Amino acid sequence: MLKPLRQGLPPLDPAAVSNAASCALPARYEAVREARRFTRGTLDQWDIGDRFDDICLVVSELVTNALRHGLPGEAGCPEHAPSVRLHLLRWSERLVCAVRDPSHETPVPRDSDDFSAESGRGLFLVDSFADSWGWHPLAGSLQGKVVWALFRLRTAG
């Protein structure tokens, strides 16, 4: 079982965020496409193109995991189910993609040698394409957890 991971996330001053965007995603699998579209539009606006493919792949995996494992019951069924929320936070040299869901369950990477399997490799992909990732439970009045991935960005000059 993974312990909450914060150590891979360097100190990031919320007051120093140069850009931030977030969107609520519905409790259905079409939300993965919506998350990619939102990410593409946001990264285009912020002129971040050098890591676009890596970032969109990781966002897709984090949102898919939240829908599959972070919502009560089957994703796509209840219209009133709590939503998943995607947050994109940019500092001058870093981007954090964070996906919030209402579950308190620990994200667990699957141990599998079956590389032809069609599922179960989401966190392995996140670990492979992001510079670091982790998760932490939400505190206070917020219920659930946040799973995040950090990307280092190239700076001009």
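None of the values given here were measured: they were computed from a predicted structure. Note on numbering: residues in each chain are counted from 1, in written sequence order. Totals for whole chains, interfaces and linings use all residues, but because this is a predicted model, local features are given only for residues with pLDDT of at least 70 and pairs of side-chain atoms are given and counted only at 80 or more. Side-chain metrics in this entry use all non-hydrogen atoms of the structure; hydrogen atoms and water are not considered.

Peer 1: When you look at helix 1 (residues 31-45) in this model, what are you seeing that I'm missing?
Peer 2: A turn of α-helix holds 3.6 residues, and therefore any two residues three or four places apart point the same way. Taking 1.5 Å per residue, 15 residues should reach 21 Å; helix 1 reaches 21 Å between its end C-alpha atoms and fits that length. Relative accessible area decides the class of each residue, using a 1.4 Å probe on protein chains only: under 20% of the type maximum gives buried, over 50% gives exposed, and in between gives partly exposed. A run of H or I in DSSP counts as a helix once it spans at least four residues, and a run of E counts as a strand once it spans at least two, with each numbered from the N terminus. Of the residues making up helix 1, those classed as buried are Ala31, Val32, Ala35, Thr39, Thr42 and Leu43. Angular distribution of buried residues about the axis of helix 1 spans 105°; they occupy a single face of the element. Looking at helix 1, the residues exposed on the side facing more than 90 degrees away from the buried face are Arg37, Asp44 and Gln45. Contacts made by the buried residues of helix 1 are with strand 1 (19-25), helix 2 (52-69), strand 2 (84-90) and strand 3 (94-101). The positive-phi residue at the C-terminal boundary of helix 1 is Asp47, with phi of around 60°. By definition here, a helix of n residues has an expected span of 1.5 Å times n minus one. In this context, the arc is that of the directions from the helix axis out to the C-beta atoms. Should any heavy atoms of two residues lie within 4.5 Å, those residues are counted as being in contact.

Peer 1: What exactly am I supposed to notice about unusual backbone geometry here?
Peer 2: Leave glycine aside and you will find that most residues have negative phi; peptide bonds, for their part, are mostly trans. The phi dihedral of Asp47 is positive, around 60°, even though this residue is not glycine. Position of Asp47 relative to the elements: it lies in the loop between helix 1 and helix 2. Here Asp47 falls in the exposed class, since its relative accessible area comes to 69%.

Peer 1: Honestly, the pattern of salt bridges in this entry has me stumped. Any pointers?
Peer 2: A side chain with one charge can pair with a side chain of the opposite charge if their charged atoms come near. Definition used for salt bridges: Asp or Glu carboxyl oxygen within 4 Å of a side-chain nitrogen of Lys or Arg. This structure, assessed with the given rule, holds six salt bridges. We note a salt bridge from Arg28 to Glu34, for which the minimum N-O separation is 3.5 Å. As a salt-bridge pair, Asp131 and Arg51 come within 2.7 Å of each other at their nearest N and O atoms. In this pair, Asp131 sits in the loop between helix 3 (122-129) and strand 4 (132-137) while Arg51 sits in the loop between helix 1 and helix 2, placing the two residues 80 residues apart along the sequence.

Peer 1: Whenever I open this one, the side chain of Lys145 confuses me. Can you help?
Peer 2: Position of Lys145 among the secondary structure elements: in strand 5 (residues 145-152). Polar side-chain contacts of Lys145 include one of 3.3 Å to the backbone oxygen of Glu105. If sequence neighbours within four positions are ignored, Lys145 has contacts with Gly70, Val99, Arg100, Asp101, Ser103, Glu105, Pro107, Trp135, His136, Pro137 and Leu138. Pairing of N or O atoms within 3.5 Å defines a polar contact, subject to two protein rules: one partner must be a possible hydrogen donor and the other a possible acceptor, and residues neighboring in sequence count only if both atoms are side-chain atoms.

Peer 1: Hey, could you run me through the sheet that holds strand 4 in this one?
Peer 2: Two strands qualify as a pair provided that DSSP identifies no fewer than 2 bridges between them. The strand order 1-2-3-5-4 describes an open sheet built from five strands, whose pairing is antiparallel. Edge positions in the open sheet fall to strand 1 and strand 4, since each of these has one partner strand only. The sheet shows a mean angle of 15° between the axes of neighbouring strands, taken without regard to direction. Note that strand 1 and strand 2 share seven bridges and pair antiparallel. When the sheet's bridge partners are listed, Ala21 is paired in strand 2 with Leu88. Fitted lines through C-alpha atoms give the axes, limited to the stretch in contact for helices. The angle between two N-to-C directions lies from 0 to 180 degrees.

Peer 1: Where do I start with the nonpolar core in this structure?
Peer 2: Within soluble globular proteins, side chains that are nonpolar generally end up buried alongside one another. Residues Leu25, Ile55, Val63, Leu86, Leu95, Ala149 and Phe151 are the most contacted members of the largest nonpolar core, which totals 35 residues. Secondary structure elements with two or more residues in this core: strand 1, helix 1, helix 2, strand 2, strand 3, helix 3, strand 4 and strand 5. Among the buried residues, those of types Ala, Val, Leu, Ile, Met, Phe, Trp, Tyr and Cys that are joined through side-chain atoms within 4.5 Å form a nonpolar core. Ranked by size, the runner-up nonpolar core spans seven residues in total, among them Trp91, Val146, Trp148 and Leu150.

Don't take any of this as a statement about function, it's just geometry.
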